[in-house]
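Residue strings, one per chain:
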Amino acid sequence: MKVLGISGSLRRNSYNTKLLRAAEELLPAVVEFELWDGLKAIPPYDEDDDVEPAPQPVAALRAAIREADVLLFATPEYNASVPGQLKNAIDWASRPPATSVLRNKPVVVIGASTGAFGAVWSQAELRKVLATAGARVVDAEVAVGHAHTKFDEDGQLVGEAIREQLVEVIETLLAELPASLLLEAV
Ligand SMILES: Cc1cc2nc3c(=O)[nH]c(=O)nc-3n(C[C@H](O)[C@H](O)[C@H](O)COP(=O)(O)O)c2cc1C
């Protein structure tokens, strides 16, 4: 039973990556969590390159998504939208449309930004993109505004409000895991 965490930020001290780590800590031990670290290696999407075998970083991304039961995205907001490199990776993952690894995949989108609203526009755009790619977007949201004030030096979330929202999101996410898998793990 596996959750794949995908941060839309490449930054070493990314608040979105920290948010995923905070979410990981709230997952029950039976759930495996992998933080995908291949975003920077994904080449620019070019339909001429979208052939079999796929470029290695793309093949690795598609395999990681295929093996996950749920995807947990944490996205920053860049100019009111999704960071280009994240959108680019999703474009690769979305092909071929009929059999893509995103089709029917449960996905949860959360996000953090240093602005006041916690990447809500970017999250909305990301949900739209993922839904268009055929993913099953779960109705859940965590919007960490003023993110530079919400984590301590160890990367831990400061304050209870966001943690409580994260707990709710994790509960919603767990409900997406196949019941049979949860029963097997008990
Ligand atoms: C190119 C660029 C555009 C940005 N645009 C927005 C924006 O539209 N809204 C916002 O709240 N923050 C914006 N920011 C600030 C980000 O929220 C901030 O850099 C945040 O820390 C990025 O997430 P990360 O910590 O996970 O890297 C922008 C940052 C960059 C680099």
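Here the structure is shown first, and the text comes after it.
Since this is a predicted model, take the numbers as computed values, not measurements. (Residues numbered from 1 in each chain as written. Predicted model: local features only at pLDDT ≥ 70, side-chain atom pairs only at ≥ 80, totals over all residues. Heavy atoms only, no water.)

### Details of the pairing of strand 4 (residues 106-112)
One face of the sheet, then the other: side chains in a regular strand alternate in exactly this way. Along strand 4, 7 of the 7 residues are buried, which leaves the element largely enclosed by surrounding structure. Of the two faces of strand 4, the one lined by Pro106, Val108, Ile110 and Ala112 and the one lined by Val107, Val109 and Gly111 are each fully buried. Pairing between strand 3 (residues 70-75) and strand 4: 5 bridges, direction parallel. Bridging from a neighbouring strand, Leu72 pairs with Val108 of strand 4. In the classification by handedness, the crossover that spans strand 3, the intervening helix 3 (residues 84-93) and the parallel strand 4 is right-handed. Where strand 4 lies against strand 5 (residues 136-137), 2 bridges are found, and the strand directions are parallel. Residue pairing for strand 5: Pro106 is matched across the bridge by Arg136. (Buried < 20%, exposed > 50% of the residue type's maximum accessible area, 1.4 Å probe, protein only. Helix = DSSP H or I, 4+ residues; strand = E, 2+ residues; numbered from the N terminus. Pairing = 2+ DSSP bridges. Right-handed = clockwise from strand over helix to strand, strands pointing away.)

### Here we look at helix 3
Taken as a whole, helix 3 has its buried residues at Leu86, Asn88, Ala89, Ile90, Trp92 and Ala93. Residues of helix 3 that are buried make contact with strand 1 (2-7), helix 2 (56-67), strand 3 and helix 4 (120-132). (Contact = heavy atoms within 4.5 Å.)

### Section: unusual backbone geometry
That bond from Glu52 to Pro53 is cis: its omega, -5 degrees, falls within 30 degrees of zero. With respect to the secondary-structure elements, Pro53 resides in the loop between strand 2 (32-35) and helix 2. The linkage connecting Arg95 with the following residue, Pro96, adopts the cis geometry, with an omega of -15 degrees. With respect to the helices and strands, the residue Pro96 is situated in the loop between helix 3 and strand 4. The phi torsion at Asn79 lies on the positive side, around 50 degrees, for a residue other than glycine. Mapped onto the elements of the fold, Asn79 is located in the loop between strand 3 and helix 3. A relative accessible area of 79% places Asn79 in the exposed class. For His146, which is not a glycine, the phi torsion comes out positive at approximately 45 degrees. Relative to the elements of secondary structure, His146 occurs in the loop between strand 6 (143-144) and helix 5 (160-176). Classification of His146 as partly exposed rests on a relative accessible area of 37%.

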